[in-house]
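These are the residues of each chain, in order.
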Amino acid sequence: MPKEARPSTGEQAKQHALAQLRQAILHGEMAPAQRLVENELAEQFGVTRASIRAALIDLESQGLVERIRNRGSRVRVVTVDEAVAITECRMVLEGLCAAKAAVAASDEQLVELTELGTAMTKAVADGEPVTYSDLNQELHARVRDFSGQQTAVDLLERLNAQLVRHRFQLALRPGRPQQSLNEHLTMIEAIRARDPQAAEAAVRAHLSSVIEALRD
């Protein structure tokens with residue numbers, strides 16, 4: 001949004017700051033434990049300190065920011081133990097979405113999943129872990145969308161946002177994309193077969209593997 005057209009106060013300003021801050025955290029532009037100085041952020045985004053403060057409060061409720069007494073706000077550090085606990089919750093919700101998608105997805109949507117699987121296979125073969133990681137997230141997002149289970153989708157969006165740093169680190173670990181690829185292809189095949197039990201089991205097996213990798 002051009003600076004001259006950007007609202008500096010009110011709800012629109014808060015939403016603008018919230019969107020920009022959230023994107024910066026999710027894309028790794030703001031690192032865990034990085035201090036979030038209200039004055040600097042207000043100047044950067046062309047809004048008031050009050051708008052920044054309101055945005056930080058929302059981000060705190062989303063688990064992306066933590067406020068430390070007498071020290072201000074910083075990007076929240078998610079420990080390995082927390083990442084494991086979050087992934088355990090994901091197992092239940094992602095498994096539910098995969099089971100629902102196996103029943104609810106259209107034939108066209110199943111083709112989309114197949115094409116994603118092909119693209120993921122190529123990314124691994126070409127040695128492109130970042131591309132593979134992006135496709136990985138796209139696959140999970142599509143399965144969630146195809147499930148029609150909006151409550152689970154909303155909960156998962158909050159949980160997944162807190163795992164950005166760990167997800168990126170896993171993507172760059174030697175050998176991890178190859179192992180992960182087979183798990184994802186199994187999930188895709190189960191959904192294509194319209195087998196909800198197999199789809200849920202495949203997701204749980206994949207996320208169990210993620211937990212093992214986080215603990216290594």
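See the structure above.
Notes on the structure in this doc start here.

About the criteria used
- Along each chain, the written sequence defines residue order, and numbers are assigned to residues from 1.
- With the structure being a predicted model, the display of local features is reserved for residues of pLDDT at least 70 and the display and counting of side-chain atom pairs for 80 or more, all residues being used for whole-chain, interface and lining totals.
- The side-chain quantities take in all heavy atoms of the structure and omit both hydrogens and water.
- Between N-to-C directions, angles span 0 to 180 degrees; the directions come from axes that are lines fitted to C-alpha atoms, helices contributing only their stretch in contact.
- Counting from the N terminus, the helices are DSSP H or I runs at least four residues long and the strands are E runs at least two residues long.
- Roughly parallel means an angle under 35 degrees; roughly antiparallel means over 145; roughly perpendicular covers 65 to 115; every other angle is labelled oblique.
- Crossings are sorted by hand: turned counterclockwise from the far helix by less than a right angle, the near helix makes the crossing left-handed, and turned clockwise it makes it right-handed.
- Contacts between residues were defined by any pair of non-hydrogen atoms, one from each residue, lying within 4.5 Å.
- Classification convention: Asp, Glu, Lys, Arg as charged; Ala, Val, Leu, Ile, Met, Phe, Trp, Tyr, Cys, Pro as nonpolar; all other residues, Gly among them, as polar.
- To estimate the expected span of a helix, subtract one from its residue number and multiply by 1.5 Å.
- Relative accessibility thresholds used throughout: buried, under 20% of the residue-type maximum; exposed, over 50%; partly exposed, between the two (1.4 Å probe, protein chains only).
- In this context, the arc is that of the directions from the helix axis out to the C-beta atoms.
- A pair of strands is labelled paired if DSSP reports no fewer than 2 bridges between them.

## Section: the packing of helix 1 (residues 10-26) against helix 3 (residues 49-61)
Stage number 1. One can describe the packing of helix 1 onto helix 3 by two numbers: an axis separation of 8 Å at closest approach and a directional angle of 55 degrees. One finds that helix 1 runs oblique with respect to helix 3. Crossing hand, helix 1 versus helix 3: right-handed. Between helix 1 and helix 3, the residues in contact are Gly 10, Ala 13, Lys 14, Ala 17, Leu 18, Leu 21, Arg 22 and Ile 25 and Ser 51, Ile 52, Ala 54, Ala 55, Leu 56, Asp 58 and Leu 59, respectively.
Stage number 2. By residue class, the composition of the contact of helix 1 with helix 3 is ten nonpolar, two polar and three charged.

## A few points about helix 5 (residues 107-125)
Stage number 1. An ideal rise of 1.5 Å per residue puts 27 Å on 19 residues; helix 5 measures up with 27 Å between its terminal C-alpha atoms.
Stage number 2. Those residues of helix 5 that fall on the buried side of the exposure criterion are Leu 110, Leu 113, Leu 116, Gly 117, Met 120, Ala 123 and Val 124. Taken end-on, helix 5 shows its buried residues confined to a sector of 135 degrees, consistent with a single buried face. Facing away from the buried side of helix 5 by more than 90 degrees, the exposed set consists of Asp 107, Glu 108, Glu 115, Thr 118, Lys 122 and Ala 125.
Stage number 3. Elements in contact with the buried residues of helix 5: helix 6 (129-147) and helix 9 (176-192).
Stage number 4. Phi turns positive, to about 65 degrees, at Gly 127, one or two residues after helix 5.

## Remarks on the pairing of strand 3 (residues 72-75)
Stage number 1. With two bridges joining them, strand 1 (residues 35-36) and strand 3 adopt antiparallel strand pairing. From the neighbouring strand, Leu 36 faces strand 3, where its bridge partner is Ser 73.
Stage number 2. Strand direction decides the pairing type here: strand 2 (residues 65-68) and strand 3, joined by four bridges, are antiparallel. Looking across to strand 3, one finds that Glu 66 is bridged to Arg 74.

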